[in-house]
Structures are given as C-alpha cells and as structure tokens.
Amino acid sequence: MVNQQAWRHVLQGVAGVESGRGPVPAGRGSDEALVRALYSEHAAPLLRYALHLTSGDQQRAEDIVQETLLRAWLHPEAIADRPARPWLFAVARNLAVDAFRARRARPHEVGEGALELVAVPDGADRALESWAVADALRTLRPEHRGVLLETFYRGHSVAEAATALGIPAGTVKSRTFYALRALRLALEERGLAP
C-alpha cells in the first residue's frame, strides 16, 4: 500500500492546494505521479471488478478502468482525505450501469455478416411476374380483359366502366367476377396463384 503521507502530498500537488497556503500550481510531475500511484495500486483489482460488472467483456472492462482513473485524475479532491479504492469502485460501478443503460436504450448492433444475408430487390422477380400476368391476361376472353382493364388498371368505378364499355353496370359486375375467376385459374397454371 502506498504511504498515506506521500499519497496526500501527491494529491495536494495535483489538487493545487497546499494545507493553509492557498493554491499551488499543479505540475505535470505530480499529475503523472498520481496516475502512476493509482494505477499501480488499484488497476488490477479494479479491472477484476470491472470484468465482473461487464460479464467478462475485457474491452468494456478496460474502458471502465481507464475512465475511472481519468475521473480520479480530473477530481483528485474526491479521494484526497479518504481511501481511494472505495471511491474508484463506486465510480466503476456507476460507469458500468450507465453503459448498460445506454446499450439498452439503443437498438441492438449487428455486424456486417447480417448485411450479407439481406436480399437486395433487383426488380427481376417483379418483371417476371408482370410478364406472366400479361400472358395470363392474353388468355382471357376479350370482354373479360376489357372489364378488368377498365376497373383495375384504369381505376374506374363500376358506373364509369359501364359507360366506357357501353354495357349495363350489372353486366360489368358479373363480367368482373368471372374475369377474376378465369385470371386466377390462368395464374395457377403458371404457378403464380395468390
């Protein structure tokens, strides 16, 4: 264990305060001494604790240890008059909890392997289906094809289709029914039944 008096001297130099004399400029040497002392005495137990908190994830555990020591370096007054280890362990735990909550708030990350499994729509299937549907429409009787053209492809109502074709609305309805039935059979023959 680091000598408490030497430890306080390092902390006082880093904090920029010397007992009773006001601020003292913190030097680079005292900063390095603080980080070296913290690391040499607490890094191994802190890493074991962080590994436990992260379920064995070495990289996240090392990140937690690094961030914990950085916060101790930025706030040396927090450990100036008390043992450093409990404060370091509390900071490490808080960092692990914060990281866990942040991961739960974001969607699950996936690697590039998942992107290779995603099919890219290229339009070939759609083109083949439209050719098969056009072929099936050609097999229909002209009156059935005409009524489907007016009602489905041009989007006309039954009354508008009746006017365009010059037939009664009831005839448009019955031809539409039989045309759809014939189209379904033609599509089933081509393996494209809905």
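Residues numbered from 1 in each chain as written. Predicted model: local features only at pLDDT ≥ 70, side-chain atom pairs only at ≥ 80, totals over all residues. Heavy atoms only, no water.

(A) Structural view of the pattern of salt bridges. For the coordinates displayed, the defined rule picks out six salt bridges. The shortest N-O distance in the salt bridge between R71 and E67 comes to 2.9 Å. Residue R71 and its partner E67 are both found in helix α3 (residues 58-74); the two are separated by four residues, about one turn of the helix. Looking at R71, the relative accessible area reads 35%, which means it is partly exposed. We note a salt bridge from R138 to D135, for which the minimum N-O separation is 3.7 Å. Within this pair, R138 and its partner D135 are both found in helix α6 (residues 124-138), separated by three residues, close to a single helical turn. Residue R138 is classed as exposed on the basis of its relative accessible area of 57%. Because the salt bridges share partners, they merge into one network encompassing D135, R138 and R190. (Salt bridge = Lys/Arg side-chain N within 4 Å of Asp/Glu carboxyl O. Helix = DSSP H or I, 4+ residues; strand = E, 2+ residues; numbered from the N terminus. Buried < 20%, exposed > 50% of the residue type's maximum accessible area, 1.4 Å probe, protein only.)

(B) Broad picture of a nonpolar patch on the surface. Together, V35, L70, W73 and L74 make up a nonpolar patch on the protein surface, roughly 320 Å² of accessible area in all. Secondary-structure assignment places L74 in helix α3. On the basis of relative accessibility, which here comes to 48%, the residue L74 falls in the partly exposed class. (Patch = residues over 30% accessible without salt bridge, like charges linked within 9 Å, V, L, I, M, F, W, Y side chains within 5 Å. Areas by Shrake-Rupley, 256 points an atom, 1.4 Å probe, with all protein chains shown as cover.)

(C) Main features of the side chain of T151. Looking at the secondary structure, you find T151 in helix α7 (residues 142-153). The class for T151 is buried, based on a relative accessible area of 15%. Here the side chain of T151 touches V147 through a polar contact of 2.8 Å, landing on its backbone oxygen. Not counting residues up to four positions away in its chain, the partners in contact with T151 are H156, A161, V172 and T176. (Polar contact = N/O pair within 3.5 Å; in protein donor to acceptor, adjacent residues only side chain to side chain. Contact = heavy atoms within 4.5 Å.)

(D) Region of the structure containing helix α4 (residues 84-105). In this model α4 runs 32 Å from its N-terminal to its C-terminal C-alpha over 22 residues, within 8% of the 32 Å that 1.5 Å per residue would give. If you check which residues of α4 are buried, you get A84, W87, L88, V91, A92, L95 and A96. (Expected span 1.5 Å × (residues − 1).)

(E) Region of interest: the nonpolar core. Residues L38, I64, A72, I79, W87 and L88 are the most contacted members of the largest nonpolar core, which totals 18 residues. Elements with a contribution of two residues or more to this core: α2 (28-53), α3 and α4. For this core, the element with the most residues is α4, which contributes seven residues. Apart from residues lying up to four places away in sequence, A72 is in contact with L34, L38, I79, W87 and L88. A161, I167, A179 and L187 belong to the second largest nonpolar core, which has 13 residues in total. (Core = buried A, V, L, I, M, F, W, Y, C linked by side-chain atoms within 4.5 Å.)

(F) Summary view of the packing of α6 against helix α9 (residues 169-189). The contact between α6 and α9 brings their axes to 9 Å, and the two run at 130°. Taken together, α6 and α9 sit at an angle that is classed as oblique. Once α6 is placed against α9, the crossing between them reads as right-handed. Of the residues in α9, those in contact with A132, V133, A136 and L137 of α6 are L183, A186 and L187. Here the contact of α6 with α9 is built from residues that sort into seven nonpolar, no polar and no charged. (Axes fitted to C-alpha atoms, helices over the stretch in contact; angles between N-to-C directions. Parallel < 35°, antiparallel > 145°, perpendicular 65-115°, else oblique. Left-handed = near helix turned anticlockwise from the far one by under 90°. Nonpolar A, V, L, I, M, F, W, Y, C, P; charged D, E, K, R; others polar.)

(G) Molecular detail of the packing of aromatic side chains. Summed over all chains, the structure comprises two aromatic pairs. Ring centres of F177 and Y178 lie 5.0 Å apart, and the angle between their planes is 80°; this geometry places the pair in the edge-to-face category. We classify F177 as partly exposed; its relative accessible area is 48%. (Phe/Tyr/Trp six-rings, centres within 6.5 Å; stacked < 30°, edge-to-face > 60°.)

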